[in-house]
Amino acid sequence: RRSRTLEALRREVVKDRLLVESLGVPFVALQTDGTIFHCNTPFAAFLGGTVDEIEGKTLADAAPDLAGTSLADALALALDEGQSVTAEVAVRERWWHLQAYPTTWGGVLGVLEDVTARKAADVERARFTGLLRTAAEAAGRLSAILDPAQLLPETVELLQMRFGLH
């Protein structure tokens with residue numbers, strides 16, 4: 001009976017690890033003290049290590065350069081408050097969308113998504129919108145200066161005189 005229970009437990013652990021690995025995005029489970037209870041390979045790579053090197057360490061120990069960053073602050077907030085936290089954080093010259101969820105055991109599950117391309121598109125869209133706004137303002141000022149009701153007859157008269165049209 002005990003061997004069947006152990007085998008069932010082993011299968012559950014393997015299944016859970018496969019599910020977490022298949023996410024394809026960085027995933028971390030933190031204990032109440034901030035220790036990394038579990039992470040997947042993408043999260044370990046994000047921190048610059050392997051799963052075996054990272055599990056059991058705090059975020060600050062696993063990646064000292066992340067201490068005091070908005071990512072660390074958001075995860076700490078989720079741990080301290082026991083509430084879900086959603087944030088967009090800049091880490092290592094990339095933008096990440098963080099979803100942190102409290103767990104029933106007092107820890108936090110964190111999922112990261114790289115949103116650098118979207119942020120760059122947002123910046124470009126804002127720049128282009130600014131250019132369009134500037135062009136619209138310039139056109140508005142010009143139309144106020146150049147009264148179309150007056151400009152058209154003057155242009156027609158000038159063309160008639162210049163080219164001898166009547």
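Right above here is the structure, for reference.
These numbers come from a predicted model, not from an experiment. Residue numbers run consecutively from 1 along every chain, following the written order of its sequence. Predicted model: local features are reported for residues with pLDDT of at least 70 only, side-chain atom pairs are reported and counted for 80 or more only, and whole-chain, interface and lining totals are derived from all residues. The side-chain figures draw on all heavy atoms in the structure; neither hydrogens nor water molecules are used.

Draft legend 1. Spotlight on the packing of aromatic side chains. Only centres within 6.5 Å qualify two rings of Phe, Tyr or Trp (six-membered ring in Trp) as a pair; their planes then separate them into stacked at under 30 degrees, edge-to-face at over 60, and tilted for everything else. On inspection of all chains with the given rule, the structure shows three aromatic pairs. Ring geometry for phenylalanine 37 and tryptophan 105: centres 5.7 Å apart, planes at 55°, overall tilted. Placement of phenylalanine 37 in strand 2 (residues 36-39) and of tryptophan 105 in the loop between strand 4 (94-102) and strand 5 (108-114) is noted, with a sequence separation of 68 residues between them. Relative accessible area serves as the criterion here: at 42%, tryptophan 105 is assigned to the partly exposed category. These aromatic residues form a ring-pair network of at least three members: Phe43, Phe46 and Trp96. Above the face of the phenylalanine 46 ring, arginine 92 is positioned so that its terminal group lies 5.6 Å from the ring centre. Against the face of tryptophan 95 rests lysine 119, its NZ or CZ located 4.3 Å from the ring centre. Strands here are runs of E lasting at least two residues and helices are runs of H or I lasting at least four, both read from the DSSP assignment and numbered beginning at the N terminus. Think of it in three bands: with a 1.4 Å probe and only protein chains considered, a residue is buried below 20% of the maximum accessible area for its type, exposed above 50%, and partly exposed in between. Note on criteria: charge over ring means Lys NZ or Arg CZ within 6 Å of the ring centre, with the direction from the centre no more than 35 degrees off the ring normal.

Draft legend 2. Spatial organisation of the nonpolar core. Core analysis: the biggest nonpolar cluster contains 29 residues, and Ile36, Phe43, Phe46, Leu47 and Leu71 have the highest contact counts within it. Considering each element in turn, this core owes the most residues, six residues, to helix 5 (residues 70-81). The residues touching leucine 71, leaving out its near neighbours within four places in the chain, are Phe46, Leu66, Val89, Val91, Leu98 and Leu112. Residue types Ala, Val, Leu, Ile, Met, Phe, Trp, Tyr and Cys, when buried and joined through side-chain atoms within 4.5 Å, form a set referred to as a nonpolar core. Every residue pair with non-hydrogen atoms within 4.5 Å of one another is taken to be in contact.

Draft legend 3. Representation of the pairing of strand 5 within the structure. For strand 1 (residues 27-30) and strand 5, the ladder comprises four bridges, and the chain directions are antiparallel. The residue bridging alanine 29 from the neighbouring strand is leucine 109, located in strand 5. Note: two strands are recorded as paired if DSSP finds a minimum of 2 bridges between them. Pairing of strand 4 with strand 5 involves seven bridges; the strand directions are antiparallel. The residue bridging histidine 97 from the neighbouring strand is glutamate 113, located in strand 5. From the end of strand 4 to the start of strand 5, which pair antiparallel, there are five residues, and glycine 106 there has a positive phi angle of about 90°.

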